[in-house]
Amino acid sequence: MEKAKIAVVGAGPAGIAVAVEAKVAGVAPVVVLEKKGEDCDTVVNLFHEGKRVDPVYRKVKVEPIGRLSFDTETREEFLARMDRVIEEYGLDIRYWNEVQKVVPGPGGFRVVTGGGLEVEAPVVVVAIGIFGKPVKPGYPIPKEVKDRVHFSMPKAPPEGEKILVVGGGDTAAETACFLCGTNDVTLSYRREKFFRLNETNACNLDECACTGKVSLKMPSNIQGLSADGDRVKVHFDDGSDETYDRVFYCLGGSTPQAFLEGIGVAFDGRRPKVDEAGETNIPGLFLAGDLMLEKGSIMGAFNSGKIVVDGILARYRDKVLG
Ligand SMILES: Cc1cc2nc3c(=O)[nH]c(=O)nc-3n(C[C@H](O)[C@H](O)[C@H](O)COP(=O)(O)OP(=O)(O)OC[C@H]3O[C@@H](n4cnc5c(N)ncnc54)[C@H](O)[C@@H]3O)c2cc1C
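None of the values given here were measured: they were computed from a predicted structure. (Residues numbered from 1 in each chain as written. Predicted model: local features only at pLDDT ≥ 70, side-chain atom pairs only at ≥ 80, totals over all residues. Heavy atoms only, no water.)

Caption draft 1: Structural view of the nonpolar core. Counting 68 residues, the largest nonpolar core has Ile6 and Ile16 as the members making the most contacts within it. Per-element accounting of this core gives the leading share, 10 residues, to helix α7 (residues 298-321). In contact with Ile6, other than residues within four places in its own chain, are Ala22, Val27, Pro29, Val30, Val31, Ala121, Val123, Val125, Ile312 and Val320. Counting residues in hydrophobic clusters, the runner-up holds 17 residues, among them Ile163, Ala173, Cys177 and Phe248. (Core = buried A, V, L, I, M, F, W, Y, C linked by side-chain atoms within 4.5 Å. Buried < 20%, exposed > 50% of the residue type's maximum accessible area, 1.4 Å probe, protein only. Helix = DSSP H or I, 4+ residues; strand = E, 2+ residues; numbered from the N terminus. Contact = heavy atoms within 4.5 Å.)

Spelled out as structure tokens, the structure:
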């Protein structure tokens, strides 16, 4: 059993920001537990190569309040930035340690990972984000076409195919614009117009639509999918059908409710209950990043690190600095 003053679960932008702010405040040791073999798994695996990483996301501009910040840059530049942060602040990240249990006890928390590590800490910050579980449509995906229906960009993006992208947010717009360079792309969205795209994505999508690279099918609602040979037949609720080589759903992520409820975190509907510092109903257990924010973003995740650590210092100073 290792001991830490703060155990952070997840090495995404929020977990890293918590560790940085804690380090700057003089808290030690701080241990970050990450389930994958690298930090920022959401950016590594869900952002396509060369993707623009925008500080303004879902139309929300967030001013930096803590140590970490960034300007628009590519996915690769952003990941290099995070590597530099980890090195500069000497963060202790334990990779391949997926947290399976957080057990509150009288002397603090016991954090247990699938990698065989156990960490005891008076304060735990859970920063595992919402993208481990993408939102899926309400209708079933037929098993014959499962490998042609995507919830993230495959390592080798398709070329020369007929593709349907579903969604109306920044990720749907970016996916459609990215794929339309080498594919025949249609974007299906249930509303008549987009209302939550950032300016750059709105502009790019407009240009792709005006030059005929992306066809917009709006408003359109999908009733279900079926197999058409090895292709995907999409059934729209206006009675029309269309067959595509692939369908990409860009519907966002969902809160890992079972994991949090397993620890004992109380929910208000679908959202975990947290106060202004990110503390849950369990004293000493905080949430950061997408888990605590209504409209999550990378800048929001960075700022949540500062907010959470300020809260920890105000409430548990003797436990984490003693
Ligand atoms: C396709 C796409 C494009 C986006 N583009 C932008 C953009 O341009 N600008 C922007 O601001 N935002 C963007 N976002 C949103 C942004 O990625 C998130 O808001 C941000 O990553 C949230 O940070 P986080 O640290 O809360 O969670 P995450 O980044 O999701 O990090 C969570 C970390 O926890 C780890 N983890 C999960 N479960 C466990 C466990 N049980 N034990 C240990 N570790 C665990 C994961 O491996 C991961 O490394 C985009 C999201 C997507 C999906």
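Next, the rest of the story.
Caption draft 2: Up close: the pairing of strand β8 (residues 108-113). The element β8 is largely enclosed, with a buried count of 5 among its 6 residues. As defined by bridge partners, strand β7 (residues 99-105) adjoins β8 across 6 bridges and the pair is classed as antiparallel. Paired with Pro104 across the bridge in β8 is Phe109. Here β7 folds back onto β8 in antiparallel fashion, the turn holding 2 residues. (Pairing = 2+ DSSP bridges.)

Caption draft 3: Quick look at the packing of aromatic side chains. Using the criterion set out here, one finds 7 aromatic pairs in the structure. Between Phe70 and Phe78, the ring centres sit 5.3 Å apart and the planes meet at 70°, which makes this aromatic pair edge-to-face. Of the residues examined, Phe70 reaches a relative accessible area of 3% and is grouped as buried. A relative accessible area of 0% means that Phe78 is categorised as buried. Summarising the aromatic geometry, the rings of Phe286 and Tyr316 are spaced 6.1 Å apart at their centres and angled 85° between planes, so their arrangement reads as edge-to-face. One end of the pair, Phe286, is in strand β21 (residues 285-287); the other, Tyr316, is in helix α7, with 30 residues separating them in the sequence. (Phe/Tyr/Trp six-rings, centres within 6.5 Å; stacked < 30°, edge-to-face > 60°.)

Caption draft 4: Region of the structure containing helix α1 (residues 13-24). Under the 1.5 Å per step criterion, the end-to-end length of α1 is 16 Å for 12 residues, consistent within 8% with the ideal 16 Å. Those residues of α1 lying buried are Pro13, Ala14, Gly15, Ile16, Ala17, Val18, Ala19, Val20, Glu21 and Ala22. Immediately downstream of α1, the backbone of Gly26 shows phi near 90°, a positive value. (Expected span 1.5 Å × (residues − 1).)

Caption draft 5: A look at the domain arrangement of the protein chain. Domains assigned within the protein chain are domain 1 (2-133 + 253-321) and domain 2 (143-249). When each unit is reduced to the centre of its C-alpha atoms, the spacing between domain 1 and domain 2 is 32 Å. On the side of domain 2, 14 residues touch domain 1, which itself brings 11 residues to the contact. Of the roughly 1000 Å² buried where domain 1 meets domain 2, counting both sides, 43% is carbon and sulfur surface. (Domains from an automatic or database assignment. Buried area = accessible area lost by both parts, 1.4 Å probe.)

Caption draft 6: Just α7, in detail. For α7, which comprises 24 residues, the first-to-last C-alpha distance of 28 Å sits more than 12% below the rise-based estimate of 34 Å (1.5 Å per residue). Where α7 begins, the side chain of Ser297 points an oxygen toward the backbone nitrogen of Gly300, at a separation of 3.0 Å. (Polar contact = N/O pair within 3.5 Å; in protein donor to acceptor, adjacent residues only side chain to side chain.)

Caption draft 7: Spatial organisation of the sheet that holds strand β14 (residues 214-217). Strand order in the open sheet made by the 5 strands is β11-β18-β12-β13-β14, with parallel pairing throughout. The open sheet has two edge strands with one neighbour each: β11 (149-150) and β14. The pairing of strand β12 (residues 162-166) with strand β18 (residues 246-249) spans 4 bridges and is classified as parallel. Within β18, the position partnered with Ile163 by the bridge is Arg246. Together, β12, β13 (184-188), β14 and β18 form the strand contacts of helix α4 (residues 170-179), whose direction differs from that of β12 by roughly 165°. (Axes fitted to C-alpha atoms, helices over the stretch in contact; angles between N-to-C directions.)

Caption draft 8: Spotlight on the environment of Lys319. Looking at where Lys319 falls in the secondary structure, it is placed in helix α7. In this structure Lys319 comes out as partly exposed when scored by relative accessible area, which is 45%. Taking the C-alpha atoms as reference, Lys319 lies 37 Å from Leu46; in sequence the two are 273 residues apart. The contacts of Lys319, once residues within four sequence positions are left out, are Lys5 and Pro122.

Caption draft 9: Main features of the pattern of salt bridges. Within this structure, the stated rule accounts for 18 salt bridges. A salt bridge links Glu174 to Arg52, with the nearest nitrogen and oxygen atoms 3.9 Å apart. One end of the pair, Glu174, is in helix α4; the other, Arg52, is in strand β4 (residues 52-53), and 122 residues separate them in sequence. Across the pair Arg231 and Asp245 runs a salt bridge, and its minimum N-O distance is 2.8 Å. Of the two residues, Arg231 sits in strand β16 (residues 231-236) while Asp245 sits in the loop between β17 (241-244) and β18, which places them 14 residues apart along the sequence. Residues participating in the shared-partner salt-bridge network are Lys51, Arg52, Asp54 and Glu174. (Salt bridge = Lys/Arg side-chain N within 4 Å of Asp/Glu carboxyl O.)

Caption draft 10: Structural detail: the site of the ligand. Lining the immediate surroundings of the ligand are 32 residues, of which Glu34, Thr42, Asp54, Val99 and Ile298 lie closest. Here an oxygen atom of the ligand sits 2.9 Å away from a polar atom, N or O, in the main chain of Ala14. Measuring from an oxygen atom of the ligand, one finds a backbone N or O atom of Ser297 at 3.3 Å. Elements supplying a minimum of two residues to the shell around the ligand: α1, α2 (41-46), β4 and α7. The residue inventory of the shell around the ligand, partitioned by class, reads 14 nonpolar, 9 polar and 9 charged. (Near = heavy atom within 4 Å. Nonpolar A, V, L, I, M, F, W, Y, C, P; charged D, E, K, R; others polar.)

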